[in-house]
Amino acid sequence: MTLPKNGWSKQEVVAAMTEMRGSDARWQDGRTFGMVYDAGPEAHEVVEAAAMLFLHDNALNTKAFPSLAKIQSDVVGIANGLLHAPEGAAGFMTSGGTESILMAVKAARERGRAERGITAPEMVVPISAHAAFHKAAYYFGLEIHTVPVREDYRADVDAMAAAINANTVLVVGSAPQYPQGVVDPIGELAALAAAAGANFHTDACMGGFVLPFMEMLGYELPLWDFRVEGVTSISADLHKLGYAPKGASLILHRSKELRRYQTFVFDGWLGGFYASPAMQGTRPALPMATAWAILHHLGEDGYKRLTATAVDTRKRMVDGIRAIDGVTVVGEPEAQLVAMCAAPGWEDRVDIFAVGDALQQRGWFHDRQLPPESLHSTVSAGNAPALDQYLADLRTCVADVAGIRVDDRSTSYATLE
Ligand SMILES: *Cc1c(COP(=O)(O)O)cnc(C)c1O
């Protein structure tokens, strides 16, 4: 492909791009268990209107765009309220969970250096913690200790304690963790971090806009947010079950002093004073604006309704999977995530990756993961209408692939090109 010599008309551009999308995941039909989370046509209209308003704007300098300073402050304020942040808590909007996590790690490293003189910083994470923590350790030069999880896939508190030492600047837990959807014992983990003088980060990229509404709906959950004393920072993705379009997440710190370790300021450049909250320079306004729009459009009522739908759908999915001979669910997921594997004793007859391929041929999209070999689902409200058809297709696929093992054992949560 080369740059066209003569520019295309709008019609030509749109036609070509519409055709390109022909074999993309069909999230609009509720057939994609991850990546896109659909709050319905009315919500689309609202975020599309907000996107058009802010499409061209730039949050690099909020003196030029004061509306974006207000948008960020409002969104952080809303999240602080939901996550029971104390007075004085402070945060930023970021481009996604990965950037939020990068900033949590960088802030922990800086705090360790400034307050404890640590020059060889280390962090301790359960093996269930998101790959972004490893990316952060690599980018920012921390040694990372990866600790096995318990049989129920939650972080093993004793094993985590054993990995903490005088150089530990950060301990991590997830609410819930991505692979099996269980919530780590945040209270006990955060106490370990506090005792070591280290930061504790709760990764609520998945749960940040689910667990608070589950609690309002009467679900009993162990505490995982700022009500837990040792929690110093939390990441929560607006562009997951916050139902915002992509490019929006939050990093929240317990205090402005802790947040200071995240930011970068520089005053030795011919271009002028440079203050930067996170990784980006130029910051698109669109994801910030659409996140503000969806929060205000849905409101507490809307999130409670969508959360009830997502969690009920996850329960129906878990029960439906367990009712099919040959497959089962890994662990006991607590919110909106499900990992499906071959049932114990069926491993020779049921290859879960063959089941996944068969489902994909019928238009259902899951990520593969291991160990254990399983198909991952993030269930959101948009999957609800399709779930009965899914379970019927799953039953057929499990029967159809009985005894078939596929050669391809690869997994791909994220790809390069
Ligand atoms: C999605 C996710 C992340 C990373 O978020 P991105 O927005 O994909 O960068 C981190 N942690 C958990 C638990 C997640 O589910």
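Residues numbered from 1 in each chain as written. Predicted model: local features only at pLDDT ≥ 70, side-chain atom pairs only at ≥ 80, totals over all residues. Heavy atoms only, no water.

## Notes on the nonpolar core
Here is step 1 of the chain: Phe209, Leu238, Tyr243 and Leu250 are the most contacted members of the largest nonpolar core, which totals 66 residues.
Here is step 2 of the chain: When contributions to this core are tallied by element, the ones reaching two or more residues are helix H2 (41-54), helix H3 (66-82), helix H6 (157-163), helix H7 (186-196), helix H8 (211-216), strand E6 (233-237), strand E7 (249-253) and helix H10 (285-322).
Here is step 3 of the chain: Sorting elements by how many residues they give to this core places H10 first, with eleven residues.
Here is step 4 of the chain: Counting contributing residues per domain, this core is built from domain 1 (27-36 + 299-400) and domain 2 (47-296), each supplying no fewer than three. (Core = buried A, V, L, I, M, F, W, Y, C linked by side-chain atoms within 4.5 Å. Buried < 20%, exposed > 50% of the residue type's maximum accessible area, 1.4 Å probe, protein only. Helix = DSSP H or I, 4+ residues; strand = E, 2+ residues; numbered from the N terminus. Domains from an automatic or database assignment.)

## So, the packing of aromatic side chains
Here is step 1 of the chain: Scanning all chains against the criterion turns up ten aromatic pairs.
Here is step 2 of the chain: A ring pair is formed by Tyr139 and Phe140, whose centres lie 6.4 Å apart and whose planes are at 85°; its orientation type is edge-to-face.
Here is step 3 of the chain: When its relative accessible area of 15% is taken as the criterion, Phe140 is described as buried.
Here is step 4 of the chain: For the ring pair Phe209 and Tyr303, a centre distance of 6.3 Å and an interplane angle of 40° mean the geometry is tilted. In this pair, Phe209 sits in the loop between strand E5 (199-203) and H8 while Tyr303 sits in helix H10, placing the two residues 94 residues apart along the sequence. Like Phe209, the residue Tyr303 is buried in the burial classification.
Here is step 5 of the chain: Ring pairs connect the aromatic residues Phe33, Trp364 and Tyr390, which therefore count as one cluster.
Here is step 6 of the chain: Its guanidinium or amino end placed over the ring of Trp364, Arg31 lies 4.1 Å from that ring's centre, counting from NZ or CZ.
Here is step 7 of the chain: Note that Arg349 overlies the ring of Trp346, its terminal NZ or CZ placed 4.4 Å from the centroid. (Phe/Tyr/Trp six-rings, centres within 6.5 Å; stacked < 30°, edge-to-face > 60°. Lys NZ or Arg CZ within 6 Å of the ring centre and 35° of its normal.)

## Overview of the sheet that holds strand E10 (residues 327-329)
Here is step 1 of the chain: Across the sheet, which stays open at both edges, the four strands sit in the order E10-E11-E13-E12 with antiparallel pairing between neighbours. Each of the sheet's edge strands pairs with one partner strand only, and the pair in question is E10 and strand E12 (367-369). Strand-to-strand twist in this sheet, taken as the mean axis angle between neighbours without regard to direction, amounts to 35°.
Here is step 2 of the chain: Sheet analysis places strand E11 (residues 337-342) next to strand E13 (residues 374-378), joined by four bridges and oriented antiparallel. Its bridge partner lying in E13, Met340 is registered against Leu375.
Here is step 3 of the chain: Sheet contacts for helix H11 (residues 352-361): E10, E11, E12 and E13; angle to E13, the most-contacted strand, approximately 50°. (Pairing = 2+ DSSP bridges. Axes fitted to C-alpha atoms, helices over the stretch in contact; angles between N-to-C directions. Contact = heavy atoms within 4.5 Å.)

## What to know about the sheet that holds strand E3 (residues 143-147)
Here is step 1 of the chain: Overall, mixed pairing links the seven strands, which are arranged E1-E7-E6-E5-E4-E2-E3 in an open sheet. Edge positions in the open sheet fall to strand E1 (90-94) and E3, since each of these has one partner strand only. Strand-to-strand twist in this sheet, taken as the mean axis angle between neighbours without regard to direction, amounts to 20°.
Here is step 2 of the chain: Two strands pair when backbone bridges link them, and strand E2 (residues 122-126) and strand E4 (residues 168-174) are joined in this way by three bridges, in the parallel orientation. In the sheet register, Val124 faces E4, and the bridge partner there is Val171.
Here is step 3 of the chain: Strand contacts of helix H4 (residues 97-116): E1, E2, E4, E5, E6 and E7, with the helix running at about 150° to E4, the strand carrying the most contacts.

## Side note on the pattern of salt bridges
Here is step 1 of the chain: With the rule as written, the count across this model stands at 20 salt bridges.
Here is step 2 of the chain: With a shortest N-O distance of 2.9 Å, Arg227 and Glu215 are connected by a salt bridge. Placement of Arg227 in the loop between H8 and E6 and of Glu215 in helix H8 is noted, with a sequence separation of twelve residues between them.
Here is step 3 of the chain: For Arg227, a relative accessible area of 31% translates into the label partly exposed.
Here is step 4 of the chain: One salt bridge connects Asp393 with Arg362, and the closest N-O pair in it is separated by 3.4 Å. In this pair, Asp393 is assigned in helix H12 (residues 387-400) and Arg362 in the loop between H11 and E12, connecting sequence segments 31 residues apart. (Salt bridge = Lys/Arg side-chain N within 4 Å of Asp/Glu carboxyl O.)

## Quick look at the packing of H2 against H10
Here is step 1 of the chain: Here H2 crosses H10 at 145°, and the two axes come no closer than 8 Å. Between H2 and H10 the crossing geometry is right-handed. For the pair H2 and H10, contact is made by Glu42, Ala43, Val46, Val47, Ala50, Ala51 and Phe54 and by Ala285, Leu286, Ala289, Thr290, Ala293, Ile294 and His297, respectively. (Left-handed = near helix turned anticlockwise from the far one by under 90°.)

## Examining the packing of H11 against H12
A pair of packed helices is characterised by two quantities: the angle between their axes and the separation of those axes.
Here is step 1 of the chain: The N-to-C vectors of H11 and H12 enclose an angle of 130°; their axes lie 9 Å apart at closest approach. Between H11 and H12, the angle falls in the class oblique. In the packing of H11 onto H12, the handedness of the crossing is right-handed. Contacts between H11 and H12 involve Val355, Ala358 and Leu359 on the former and, on the latter, Tyr390, Asp393, Leu394, Cys397 and Val398. (Parallel < 35°, antiparallel > 145°, perpendicular 65-115°, else oblique.)

## Some words on the domain arrangement of the protein
Here is step 1 of the chain: Taken as a whole, the protein is organised into domain 1 (27-36 + 299-400) and domain 2 (47-296).
Here is step 2 of the chain: Here the C-alpha centre of domain 2 lies 28 Å away from the C-alpha centre of domain 1.
Here is step 3 of the chain: Counting residues at the interface gives 31 residues for domain 1, matched by 27 residues for domain 2.
Here is step 4 of the chain: Taking both sides of the interface into account, the surface hidden between domain 1 and domain 2 amounts to around 2,300 Å²; carbon and sulfur atoms contribute 61%. (Buried area = accessible area lost by both parts, 1.4 Å probe.)

## A word on the environment of Val355
Here is step 1 of the chain: Structurally, Val355 can be placed in helix H11.
Here is step 2 of the chain: In this structure the C-alpha to C-alpha distance between Val355 and Arg395, which are 40 residues apart in sequence, comes to 9.6 Å.
Here is step 3 of the chain: Sequence-distant contacts of Val355, defined by excluding residues within four places in its chain, comprise Val350, Leu375, Leu394, Cys397, Val398 and Val401.

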